[in-house]
Amino acid sequence: MALKKLIAGNWKMNGTTQSAMSLAQDIGDALAGSPALGDRCDFLVCPPAVHIPAVRQAVTKQGAPLAVGGQDCAAFEKGAYTGDIAAPMLKDAGCDYVILGHSERRTIHGETSALVQAKAKHAHDWGLVTIICVGEQESERDAGEAFNVVAGQLAGSLPAGADASNTVIAYEPVWAIGTGKSATPQDVEAMHRFIWEKLQEKLEDFGKMRILYGGSVKPDNAAALLTIENVDGALIGGASLKAGDFIGIAKAV
Ligand code: 13P
């Protein structure tokens, strides 16, 4: 049976408190205007950390069926970790999810799968659902290494105790992020099948863990990408910054 899709927005480092609240309200209004969407999809937005409380407040006030998540968390509960944000802090701010191991963190901040795994373990301990990102660089795909790279990231990043209730996988080929060049449906189908098989080896309730696709998802390619077998939703960057596009992606599905 097909899983309910998760339509997740990663707002990255964009916006102000005011614009974040407006965006959340616009998404909430659009969801209220199309109640049937909520039967088919779950919705999540991941604002910059400082905007989480305002977004949480706006969503709660509206009663919108919209979950809120962080974009990263530390592997520690508290202490001398300047600039970091702990999982219990996200929880306290009203988050239910956290994105971990996004390629921008793996590349720009040098995060390893071992660190992602430690963060995920910690996030699970605090009751957050983790969205663990995997995906190959273009050079790795060209070298025929895409499947090996993703297998390594999956094996290294999922902590013990990961299951369908606390973990979502996001496959984001790095060369498709923010480039307007999404992976082809054939590539997505092959990789999602591969990830599904890897999860099957690793997990008891493998069939139910969601696997999202991310990388230049827009309203006009959403139907082709999100109806592929084993694609259980999308992790959306640029197009999640406009309520119309974000909801348009869900409508296309
Ligand atoms: P774009 O949708 O802008 O390509 O970003 C994808 C992404 O990185 C989501 O995490």
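Residues numbered from 1 in each chain as written. Predicted model: local features only at pLDDT ≥ 70, side-chain atom pairs only at ≥ 80, totals over all residues. Heavy atoms only, no water.

Novice: Any chance you could explain the layout of surface pockets here in plain terms?
Specialist: It is a probe the size of a water molecule, rolled over the atoms, that shows where empty space is left. A volume near 550 Å³ is recorded for the largest pocket. As for the largest pocket, its lining consists of 22 residues, and the residues nearest its centre are Met-13, Gln-71, Asp-72, Arg-105 and His-109. Partitioned by chemical class, the residues of the lining of the largest pocket number 11 nonpolar, six polar and five charged. (1 Å grid on protein atoms, 1.4 Å probe; cavity = no way out; pocket = protein on both sides within 12 Å on 5 of 7 lines; lining within 4 Å. Points joined across faces, edges and corners; volume = space filled by probe spheres on them. Nonpolar A, V, L, I, M, F, W, Y, C, P; charged D, E, K, R; others polar.)

Novice: Help me understand the pairing of strand E6 (residues 167–171) in this model?
Specialist: Every regular strand shows the same layout, with side chains that alternate between the two sheet faces. The buried fraction of E6 amounts to five of the five residues, a majority that puts the element mostly inside the structure. Taken together, the five bridges between strand E5 (residues 129–134) and E6 define a ladder with parallel strand orientation. Counterpart to Thr-130 in the pairing with E6 is Thr-167. Where E6 meets strand E7 (residues 211–214), three bridges bridge the pair, whose relative direction is parallel. Residue pairing in the sheet places Ile-169 in a bridge with Ile-211 of E7. (Buried < 20%, exposed > 50% of the residue type's maximum accessible area, 1.4 Å probe, protein only. Helix = DSSP H or I, 4+ residues; strand = E, 2+ residues; numbered from the N terminus. Pairing = 2+ DSSP bridges.)

Novice: Before we go on, may I ask you to explain the packing of aromatic side chains in this structure?
Specialist: Think of a pair of aromatic rings as described by two things: how far the centres are apart, and how the planes are tilted against each other in angle. The tally for this structure, following the rule as stated, stands at four aromatic pairs. Where Phe-76 meets Tyr-81, the ring centres are 4.4 Å apart and the plane angle is 0 degrees; that geometry is what we call stacked. Phe-76 sits in the partly exposed class, given a relative accessible area of 41%. (Phe/Tyr/Trp six-rings, centres within 6.5 Å; stacked < 30°, edge-to-face > 60°.)

Novice: Before we go on, may I ask you to explain the packing of helix H1 (residues 17–33) against helix H3 (residues 52–62) in this structure?
Specialist: The axes of two packed helices give the description: the angle between them and the distance between them. Closest axis-to-axis distance for the H1/H3 pair is 9 Å, and the angle between their directions is 30 degrees. Relative to H3, the element H1 is oriented roughly parallel. Every pair of crossing elements has a handedness; the one defined by H1 and H3 is right-handed. Packed against H1, whose contacting residues are Thr-17, Ala-20, Met-21, Ala-24, Gln-25, Gly-28 and Asp-29, the element H3 presents Ala-54, Val-55, Ala-58, Val-59 and Gln-62 at the interface. (Axes fitted to C-alpha atoms, helices over the stretch in contact; angles between N-to-C directions. Parallel < 35°, antiparallel > 145°, perpendicular 65-115°, else oblique. Left-handed = near helix turned anticlockwise from the far one by under 90°. Contact = heavy atoms within 4.5 Å.)

Novice: Teacher, can you tell me more about the state of the cysteines here?
Specialist: Per the counting criterion, the structure on display carries zero disulfides. Looking at the unpaired Cys-41, the closest cysteine sulfur is the one in Cys-46, lying at 16 Å. Among the residues examined, Cys-41 registers a relative accessible area of 3% and is labelled buried. In this structure Cys-46 is not part of a disulfide, and its nearest cysteine sulfur, from Cys-95, lies 7.5 Å away. The exposure class assigned to Cys-46 is buried, which follows from its relative accessible area of 0%. (Disulfide = S-S within 2.5 Å.)

Novice: Sorry, what's going on with helix H8 (residues 146–157) here?
Specialist: Side chains of residues three or four places apart in an α-helix project in the same direction, reflecting 3.6 residues per turn. For H8, with 12 residues, the first-to-last C-alpha span of 16 Å sits near the 16 Å given by 1.5 Å per residue. Listing the buried residues of H8 in full gives Ala-146, Val-149, Val-150, Ala-151, Gln-153, Leu-154 and Ser-157. Among the structural elements, helix H5 (103–108), helix H6 (113–125), E5, helix H7 (138–142), E6 and helix H9 (185–202) are those in contact with the buried residues of H8. (Expected span 1.5 Å × (residues − 1).)

Novice: So what exactly am I meant to see when it comes to the sheet that holds strand E1 (residues 5–10) here?
Specialist: Pairing between sheet strands relies on hydrogen bonds along the backbone, with the strands arranged either parallel or antiparallel. Pairing in this closed barrel of eight strands is parallel, and the strands run E1-E2-E3-E4-E5-E6-E7-E8 around the ring. Adjacent strand axes in the sheet meet at a mean angle of 25 degrees when their direction is disregarded. Across six bridges, E1 lies against strand E2 (residues 41–46) in parallel orientation. Residue pairing across strands places Gly-9 opposite Val-45, the latter belonging to E2.

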